[in-house]
Amino acid sequence: MDAAFVLVHSPSVGPATWTPVAERLPGPVLVPSLLDVADSPPPFWPRVVELVRKAISELPAGQPVIVAVHSNAGLFVPLIVEASTRPVAGCVFVDAALPARTEATPVAPPELIRFLEPKLGDDGRLPQWTAWWDEADVAPMFPDPETRRRVEAEQPRLPLSYYRQLIPVAPGWDRRPCAYLLFGPPYDEVAEDARGRGWDVTEIPGHHLHELVDPDAVAAHLIAFREKDPQAKGLH
């Protein structure tokens, strides 16, 4: 059987960032919601992994999956692969952070933590992700006002502790095909890291939420990744 697509959004935003791509992929397609990740105490990564594992477990036994992740969801891939109850045929990082090769990976570098600290509210939570940035930077990430409204309506307000956590790296997670899809800076340096790991790297020029602007191209890339992987095509 062909691999199912598991589209994992960054906990900084919500599943609506993947919806247009999911609608263009042949099924089955899963988009687990991680919106309640910060409702449990830290560390938060076990909740992310459990939510994705639970969604994957609803697939038929033996169903291979391709895990596609966006933004900081990339840091959870080793643990998602390790916890998966179905065989993971491959992983695609879409303008996403990469886990460290061996050691635990911080969600955010020190300079981002310093940038975020003054933004903390009285309730100990940060503003929604799109409120961190200037309007001139945010507006081009969306194809139209309605899409922006849907995405912003579901964005959680995360505690700073989410960005301070360290994500463990499970060994052997990348012993399967992996690829990187780059939209543009600042993830161009991350794409170079992926290339250094021997992965295929493709660029579809755009802003960080380009999967909303050109879901056809992103879906086509994911389908092409599945087509070239014998495990994902059920030929193993």
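In case you missed it, the structure is sitting above this.
Residues numbered from 1 in each chain as written. Predicted model: local features only at pLDDT ≥ 70, side-chain atom pairs only at ≥ 80, totals over all residues. Heavy atoms only, no water.

## Focus on helix 6 (residues 145-154)
Of the residues making up helix 6, those classed as buried are Thr147, Arg148 and Val151. For helix 6, the buried positions fall inside an angular range of 100 degrees around the axis, keeping them on one side. Exposed residues on helix 6 whose side chains face more than 90 degrees from its buried face are Pro145 and Ala153. Against the buried residues of helix 6 lie helix 5 (135-138) and helix 9 (210-213). Capping the start of helix 6 is the job of one residue whose side-chain oxygen sits 3.2 Å from the backbone nitrogen of Glu146: Asp144. (Buried < 20%, exposed > 50% of the residue type's maximum accessible area, 1.4 Å probe, protein only. Helix = DSSP H or I, 4+ residues; strand = E, 2+ residues; numbered from the N terminus. Arc of directions from axis to C-beta. Contact = heavy atoms within 4.5 Å. Polar contact = N/O pair within 3.5 Å; in protein donor to acceptor, adjacent residues only side chain to side chain.)

## Thoughts on the side chain of His9
Looking at the secondary structure, you find His9 in the loop between strand 1 (4-8) and helix 1 (19-22). On the basis of relative accessibility, which here comes to 0%, the residue His9 falls in the buried class. Contact partners of His9, with chain neighbours within four places excluded, come to Gly14, Pro15, Thr17, Trp18, Pro32, Ser33, Leu34, Leu35, His70 and Ala73.

## A look at the environment of Ala22
Assignment of secondary structure puts Ala22 in helix 1. The buried category is assigned to Ala22, whose relative accessible area is 18%. Sequence separation of Ala22 and Val6 is 16 residues, and the distance between their C-alpha atoms is 9.2 Å. For Ala22, the contacting residues outside a window of four places in its chain are Leu7, Val29 and Val31.

## Quick look at the pairing of strand 3 (residues 65-71)
Where burial is concerned, most of strand 3 is hidden: 7 out of the 7 residues are buried. Of the pairings in the sheet, the one linking strand 1 to strand 3 comprises 5 bridges and is parallel in character. Bridging from a neighbouring strand, Leu7 pairs with Ala68 of strand 3. Pairing between strand 3 and strand 4 (residues 88-96): 7 bridges, direction parallel. What sits directly across from Ile66, in strand 4, is Gly90. Remark: the strand 3/helix 3 (residues 77-83)/strand 4 crossover connection has right-handed handedness. (Pairing = 2+ DSSP bridges. Right-handed = clockwise from strand over helix to strand, strands pointing away.)

## Thoughts on the pattern of salt bridges
The full count for this structure, using the stated rule, is 13 salt bridges. Close ionic contact of Asp216 with Arg24 constitutes a salt bridge, the shortest N to O distance being 2.9 Å. With Asp216 in helix 10 (residues 215-228) and Arg24 in the loop between helix 1 and strand 2 (29-30), the pair connects residues that are 192 residues apart, well separated along the chain. Of the charged contacts in the structure, one is a salt bridge between Glu135 and Arg148, with a shortest N-O distance of 2.8 Å. Taken as a pair, Glu135 in helix 5 and Arg148 in helix 6 lie far apart in primary sequence, 13 residues in all. Residue Glu135 is classed as partly exposed on the basis of its relative accessible area, which comes to 46%. Judged by relative accessible area, Arg148 falls into the buried class, the value being 18%. (Salt bridge = Lys/Arg side-chain N within 4 Å of Asp/Glu carboxyl O.)

## Quick notes on the nonpolar core
The biggest cluster of nonpolar side chains holds 61 residues, and the ones touching the most others in it are Val8, Val65, Val69, Phe93, Tyr163, Trp173 and Tyr180. Broken down by element, the residue count for this core peaks at 6 residues, all from helix 2 (residues 45-57). For Phe93, the contacting residues outside a window of four places in its chain are Val69, Gly74, Val77, Leu98, Pro99, Trp173, Ala179, Tyr180, Leu181 and Trp199. (Core = buried A, V, L, I, M, F, W, Y, C linked by side-chain atoms within 4.5 Å.)

## Brief notes about the sheet that holds strand 3
Here we have 6 strands laid out as an open sheet, ordered 2-1-3-4-7-8, and parallel in their pairing. This sheet does not close on itself; its edge strands, each paired only once, are strand 2 and strand 8 (200-203). Here strand 1 runs beside strand 2; their pairing, made up of 2 bridges, is parallel. Within strand 2, the position partnered with Phe5 by the bridge is Val29. Here helix 2 sits on the sheet in contact with strand 1, strand 2 and strand 3, set at roughly 160 degrees to strand 1. (Axes fitted to C-alpha atoms, helices over the stretch in contact; angles between N-to-C directions.)

Just distances and angles here, no functional claims.
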